[in-house]
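Single-letter residue listing:
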Amino acid sequence: MVMARKRISTSIILLVLFLFSITVPSCCAETLPSSQAQTLKRIRKLLNIPTLLTNWRNSTDVCNIEPTQSLTVVCYEKSITQLHITGNKSTPSLPHNFSVESFFTSLVKLPTLKVLSLVSLGLWGNLPSKISRLSSLEILNMSSNFLYGDIPQEISSLRNLQTLILDDNLFTGRVPGSLGELPVLTVLSLRNNSLTGSLPRSFSSLENLRVVALSMNRLSGQLPNFSSLRNLQVLDLEDNYFGPQFPKLGSKLVTLVLRKNRFRSAIDSELSTYRHLQKLDISFNRFVGPFPTALLSLPSIAYLNIAANKFTGMLLENVSCSARLGFADLSSNLLTGRVPTCLVSSSRNRVARYARNCLATGDQNQHPYFFCRNEALAVGIIPSSQKKQKRAAKAKIVLIIVGVMSAIIALVGLIIFLVMRRENAKRMVKRPPPRLITENVSTGYTSKLLSDARYISQTMRLGALGLPSYRAFSLEELERATNNFASSAFLGEGSHGQMYRGKLNNGSSVAIRCLKVEGRHSTQNFMHHVELISKLRHHHLVSSLGHCFECYLDDSSVSRIFLVFEYVPNGTLRSHISAEGFGGQKLTWAQRIASVVGIAKGIQFLHVGIVPGVFSNNLKITDILLDESFVAKISSYNLPLLAENMRKVGGVSTSRSKEHSIIGRTTYQDKLDVYDFGVILLEVIVGRPITSRNQVTTLKEQMQVGITASDTVRRSIIDPVVCDGCSDESLKTVMDICYRTLSYEPSERPSIEDVLWNLQFAAQVQEEWGRDSGSNRGSPGFHVSPSQPGPWQLSIP
């Protein structure tokens, strides 16, 4: 990766030098006007008089200073046209009294500047809009500084600008759409910042673009159509969130880097005809479909990396390779057949990797054939032999749908009749007997429940969670389970009722919430709530097992509701990552990722797995429990039944912030849980309790710095216990998604699906790192040995 970045940087520099080698005059023996001489003197002072500017002793004769790598001043007709000042990569930011506004106020007094390069000087602050006054600028390079905030829209007024390089800064916000209005822009490099959002469609009209380098940002969405950019040679988008469709590109590309994004489609077949393509890196995405072996034989290809995708297809030994191909990585895909001879030849100048496929070779680690076939089916890649059958099946489905629609129309009258008869029957039903009513939701799932649910998998319908079917309990059962609700079974009391621990007749332990009902309401008033509660059964939720209604003797209205939940014995997630650990040991990095992946899956189920979705769950790390297998389960979520009862007694459901009360009425209601999840994830990363909003803000700022800083800086932020047991790529991915979940604006927070994808990617990278390093420290198979199970508690708000 480092070599790739160096090559891209070299290509940018060479291109810039080429553009100006015949148009820019060399330094000549001239004397500057006193105003420009004074400006240079002022700039030198604002830069804290660095040692690289010690040659500016005679400020009126700077045009005659011998150019160096650190300082070059070019003059033409008694005016400065080029100013290059380059410090060291390790240069710290300038003192707190530095003002970037004052600095540019001085710079704009050099209106004839065509080239301005200020690299690694420690400049910090917002890039001022007054940069637009340098109307003659053709090259602007301010990389490796500490500039932050938005890239100013005013740059678009620099109509002569050909090269814009702002790499290795701290810019945030979106890429300005106005950059698409620069008529002669040739090089755009904004690498290693924190830019977000999608690329403007206006980029499709930048016909002069040759280099686009946007790697290591947080850009997302579908790329603009680049097919009309006939001069585009370098496109580097590594480490972003672009996707899912492969972009439309021009055929003159020399370098294409899409590594670590979210592309999930097949690659464009036209790519196999790009005769100028020298480097192609599309690794660590989710590309599907057959791998076009013609890429190996492209006439100019020297570097090819498709690792960690879902490419399928059978390789043949007689596949040819380009004579220029020096590196090829086909590993971690779903390829079958045999390794091409050209990749395993004895050439010392060629490196080939093809592990973790299903290839018939003993040279590198391979999966069995059926693994790749089953994985291909799982992602919807159907072998050609099955495609005709699929099309025939689709035709049958169309005919069936037509028949069903006709039947539905014919049965409308019958349905209306049955509904009316049912309503009349309800009015004639006798009142329920006094004392206790146990509404039988069902021994399994009701037909209404199954028809309402947007997602209830077949395994859930069959009880694959290992839980008994949801049912109605009798009050006598619950009294026996809790020894008549004895104080020894009492776990606590909150705004949502009392909590007891009990043991049923079959020996299984349960947690029972007792909720007192205010007012007079029949059991029918609560049945739609019970329907929802009965759906809340998921591998990563503390699932509901049943309910019981206790009624008044006089009118059979409900006096108390008992909700029965599964028992989770292994303590809270916080107890397993706190300073003392759980049983003397703390979770490994791989186990922590597995836990937060489970939490994200639980949140996803609450949002979209049932109808209606359950949002605004006020999640806390103390609400996350671990079972005997250390599977994370959410123990407290926003049951509408509890919230409605609180409103009836004049209470409030939670003590959430003002943001929570406002956002709950907007389209961003799901983003509340994303933020709360981010706080949990933050504590999992740093390994210590987070108890205030100020702590979140401070750690978030540290996280932002750590994402773009070195591996050493990142590891200084995380829990020292897991510091040596995690891969840098996995850590960086987790820190990045954590930072995004904590965005102040709800609209800027990722979806829970986005969060889940990133965490699963981090888990995959960690697993491969652990396997490659031969270390078990980060392996998911390393579990702490639980001590005596601690008291199970369902969180009581």
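In case you missed it, the structure is sitting above this.
Residues numbered from 1 in each chain as written. Predicted model: local features only at pLDDT ≥ 70, side-chain atom pairs only at ≥ 80, totals over all residues. Heavy atoms only, no water.

A. Focus on the sheet that holds strand β8 (residues 170–171). Ordered by their spatial adjacency, 3 strands build an open sheet running β4-β6-β8, and the pairing between neighbours is parallel. Two strands bound the open sheet, and with one partner strand each, they are β4 (124–126) and β8. (Pairing = 2+ DSSP bridges. Helix = DSSP H or I, 4+ residues; strand = E, 2+ residues; numbered from the N terminus.)

B. Fine view of the pairing of strand β30 (residues 544–551). Counting buried positions over the 8 residues of β30 gives 8, a clear majority of the element. Here strand β26 (residues 471–472) pairs with β30 via 2 bridges, running parallel. Residue pairing across strands places R471 opposite G546, the latter belonging to β30. The turn linking β30 back onto strand β31 (residues 558–566) is made up of 6 residues, and S556 within it adopts a positive phi angle of 65°. (Buried < 20%, exposed > 50% of the residue type's maximum accessible area, 1.4 Å probe, protein only.)

C. Broad picture of the packing of aromatic side chains. Applying the stated criterion across every chain, the model contains 15 aromatic pairs. With a centroid separation of 6.1 Å and 55° between ring planes, the pair formed by F98 and F103 is classed as tilted. Side by side, F98 and F103 carry an identical accessibility label, which is buried. Ring plane angle 80° and centroid distance 5.9 Å describe the contact between F103 and F104, whose orientation is recorded as edge-to-face. When its relative accessible area of 0% is taken as the criterion, F104 is described as buried. Put simply, the rings of F246, F263, F287, F291 and F311 touch in pairs and so form one group of aromatic residues. Stacked on the ring of Y552, the Lys or Arg R520 has its end atom at 4.1 Å from the ring centre. Here R740 stacks its cationic end above the ring of Y241, 4.2 Å away from the centre of that ring. (Phe/Tyr/Trp six-rings, centres within 6.5 Å; stacked < 30°, edge-to-face > 60°. Lys NZ or Arg CZ within 6 Å of the ring centre and 35° of its normal.)

D. Main features of helix α16 (residues 693–708). Spanning 16 residues, α16 covers 24 Å between terminal C-alpha atoms, matching the ideal 22 Å at 1.5 Å per step. Lining the buried residues of α16 we find β12 (218–221), α15 (670–686), α17 (711–717) and α18 (728–741). (Expected span 1.5 Å × (residues − 1). Contact = heavy atoms within 4.5 Å.)

E. Quick peek at the state of the cysteines. Inspection of the entire model under this criterion finds 2 disulfides. Between the sulfur atoms of C321 and its disulfide mate C342 the distance is 1.9 Å. The sign of the 45° torsion about the S-S bond sets the C321-C342 disulfide as right-handed. Taken as a pair, C321 in the loop between β20 (314–315) and β21 (327–329) and C342 in helix α4 (residues 341–344) lie far apart in primary sequence, 21 residues in all. You'll find C321 and C342 in the same group, each marked buried. A sulfur-sulfur separation of 2.0 Å characterises the disulfide bridge that pairs C358 with C372. Taking the sign of the S-S torsion, about 95° here, the bridge from C358 to C372 comes out right-handed. Of the two residues, C358 sits in strand β24 (residues 358–359) while C372 sits in helix α5 (residues 369–378), which places them 14 residues apart along the sequence. Neither C358 nor C372 differs from the other in exposure class; each is buried. (Disulfide = S-S within 2.5 Å.)

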